[in-house]
Amino acid sequence: HAAVYEARLAIVERALASGDRRSVPLRALKLRGVVVRGGKLGFEGIEIDPASGDVLVLLERSHTAPGGCVSTVFRLRRRDDELVLRGAPLAIELADCAWRLTGLEWYRGRLLALRTQFPGERYEVITIDLATGAATVVLELTELLRSLAVAGWGNNVEGIAVAEDGALWLVSDNAVTG
């Protein structure tokens, strides 16, 4: 099932400083107003909105009309041990169900996501308009990531991060999909 967990960094830091290697306590937060239905489709990204403090959770793909799919961003507000849906979920249209969104990242006030077409067909970094759900390609990565597969590296990229100096970081599991 889809879930969001919280670990307090202060507890982690104290444990590391003291040499305590026991598991850090995690708290599962109840999701209110978030409807996610079955299958292997799940949450693939989480970010905190720096302006509002809202938690943005990305559902990689869900089916709409026959043959149609969307990725969904849920804007959630913390209330005690719950994350409560704030407003309507934001649907980001996908060309077809071979596409999905994974990974979220803030960069210069814009929400970025990684849009991929499986298996290993296309890779794009997009911005998401949080008012409309419109997606705009800001970086095409297809040829670069296909070249990694040819060289024997995993190219199933699923996560992104941007450093303060503007460097884009990508993470892949070990599957070669192209």
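Since we're looking at a predicted model, the values are computed, not measured.

K.L.:
How would you explain the overall build of the chain if you had to name every residue and give the values?
P.N.:
Helix and strand counts for the chain stand at two helices and 13 strands. The C-alpha radius of gyration computed for the chain amounts to 17 Å, which stays within 12% of the reference 16 Å derived for 178 residues, consistent with globular compactness. A principal-axis box enclosing the C-alpha atoms of the chain has dimensions of 45 × 40 × 35 Å. Among the 178 residues that make up the chain, the fraction classed as buried is 37%. In the chain, the share of contacts with a sequence separation of at least 24, taken over all contacts with a separation of at least 6, comes to 40%. About 10,500 Å² of surface is accessible on the chain, with carbon and sulfur atoms providing 55% of the total.

K.L.:
Explain the pattern of salt bridges to me, and be specific about the residues and the numbers.
P.N.:
Where charged atoms from two side chains of opposite charge come close, those side chains can pair. A full pass over the atoms with the stated rule returns 17 salt bridges. For Glu 6, the salt bridge is made with Arg 8, and the minimal N-O distance between the two is 3.3 Å. A salt bridge links Glu 60 to Arg 100; the nearest nitrogen and oxygen atoms lie 3.2 Å apart. Of the two residues, Glu 60 is situated in strand β4 (residues 55-63) and Arg 100 in strand β8 (residues 99-107); the sequence distance between them amounts to 40 residues.

K.L.:
A description of the state of the cysteines should follow, citing residues and the corresponding values.
P.N.:
As enumerated under the stated definition, the model contains one disulfide in all. Each disulfide pairs two cysteine sulfurs, and for Cys 69 the partner residue is Cys 97, the sulfurs being separated by 2.0 Å. Looking down the S-S bond of the Cys 69 and Cys 97 bridge, the torsion is 95°, so its handedness is right-handed. In this pair, Cys 69 sits in strand β5 (residues 69-79) while Cys 97 sits in the loop between β7 (90-93) and β8, placing the two residues 28 residues apart along the sequence.

K.L.:
With reference to specific residues and values, describe a nonpolar patch on the surface.
P.N.:
Taken together, the side chains of Val 138, Leu 139, Leu 168 and Leu 170 present a nonpolar region at the surface, about 270 Å² in accessible area. Contributing elements (two or more residues each) for the nonpolar patch: β11 (135-140) and β13 (168-172). The residue Leu 170 is located in strand β13 in this model. Judged by relative accessible area, which is 32%, Leu 170 ranks as partly exposed.

K.L.:
So what about the sheet that holds strand β10 (residues 122-128)? Which residues, and what values?
P.N.:
In spatial order, the strands read β8-β9-β10-β11; together these four strands make up an open sheet with antiparallel pairing. Both edges of this open sheet fall to β8 and β11, since each of them pairs with a single strand only. If you compare each strand with its neighbour and ignore which way they point, the axes differ by 30° on average. Looking at chain direction, β10 and β11 are connected through five bridges and run antiparallel.

K.L.:
Could you give an account of the packing of aromatic side chains, naming the residues involved and the relevant values?
P.N.:
One pass over the full model with this rule turns up one aromatic pair. Pairing Phe 43 with Phe 74 gives two aromatic rings, centres 6.3 Å apart and planes at 70°, and the pair type is edge-to-face. You can see Phe 43 sitting in strand β3 (residues 43-48) and its partner Phe 74 sitting in strand β5, a full 31 residues away along the chain.

K.L.:
Now, about the nonpolar core: what can you tell me, with residues and values included?
P.N.:
By size, the foremost hydrophobic cluster in this structure holds twelve residues: Leu 56, Leu 58, Val 73, Leu 90, Ile 92, Leu 101, Leu 104, Trp 106, Leu 111, Ala 113, Ile 126 and Ile 128. Considering each element in turn, this core owes the most residues, three residues, to β8. Once you skip the residues sitting within four places of it in the chain, Leu 111 turns out to touch Leu 56, Leu 104, Glu 105, Trp 106, Ile 126, Thr 127, Ile 128 and Leu 130.

K.L.:
An account of the pairing of β8 is requested, with residue identities and associated values reported.
P.N.:
In terms of burial, β8 is a largely internal element, eight of the nine residues being buried. Between the end of β8 and the start of strand β9 (residues 110-117), which pair antiparallel, lie two residues, with Arg 108 showing a positive phi angle near 50°.

K.L.:
Account for helix α1 (residues 9-18), naming residues and giving values.
P.N.:
An α-helical turn contains 3.6 residues, so a residue and the one three or four places further along point in the same direction. The buried count for α1 comes to one of ten residues, which makes it a mostly uncovered element. Gly 19 sits one or two positions beyond α1 and adopts a positive phi of about 85°.

Conventions used here
- The numbering scheme is per chain: residues are counted from 1 as the chain's sequence reads.
- Note on the predicted model: pLDDT of at least 70 is required for a residue's local features to be given, and 80 or more for side-chain atom pairs to be given and counted; whole-chain, interface and lining totals, by contrast, use all residues.
- In computing side-chain values, all of the structure's heavy atoms are included and hydrogens and water are not.
- Helix numbering and strand numbering both begin at the N terminus, where a helix is a DSSP run of H or I of at least 4 residues and a strand a DSSP run of E of at least 2.
- Using C-alpha atoms as the atom set, the radius of gyration is obtained and then compared with a globule rule of 2.2 Å times the number of residues to the power 0.38.
- Note on classification: 1.4 Å probe, protein chains only; a residue is buried when its accessible area is under 20% of the maximum for its type, exposed when over 50%, partly exposed between these limits.
- Contacts between residues were defined by any pair of non-hydrogen atoms, one from each residue, lying within 4.5 Å.
- The Shrake-Rupley method, run with a 1.4 Å probe sphere, supplies the accessible areas, and residue values consider only the shown protein chains as cover.
- We define a salt bridge as a contact between a side-chain nitrogen of Lys or Arg and a carboxyl oxygen of Asp or Glu at a distance within 4 Å.
- Throughout, disulfides are identified as pairs of cysteine sulfur atoms within 2.5 Å of each other.
- Surface patches are drawn from residues lacking salt bridges whose relative accessible area is over 30%; two like charges belong together within 9 Å, two nonpolar side chains (Val, Leu, Ile, Met, Phe, Trp, Tyr) within 5 Å.
- When DSSP finds two or more bridges between a pair of strands, those strands are recorded as paired.
- Angles run from 0 to 180 degrees between N-to-C directions of axes, and those axes are lines fitted to C-alpha atoms, restricted for helices to the stretch in contact.
- Working definition: a ring pair exists when centres of Phe, Tyr or Trp rings (six-membered ring for Trp) sit within 6.5 Å. Plane angles under 30 degrees give stacked, over 60 give edge-to-face, the rest tilted.
- To form a nonpolar core, buried Ala, Val, Leu, Ile, Met, Phe, Trp, Tyr and Cys residues must be joined to one another through side-chain atoms within 4.5 Å.

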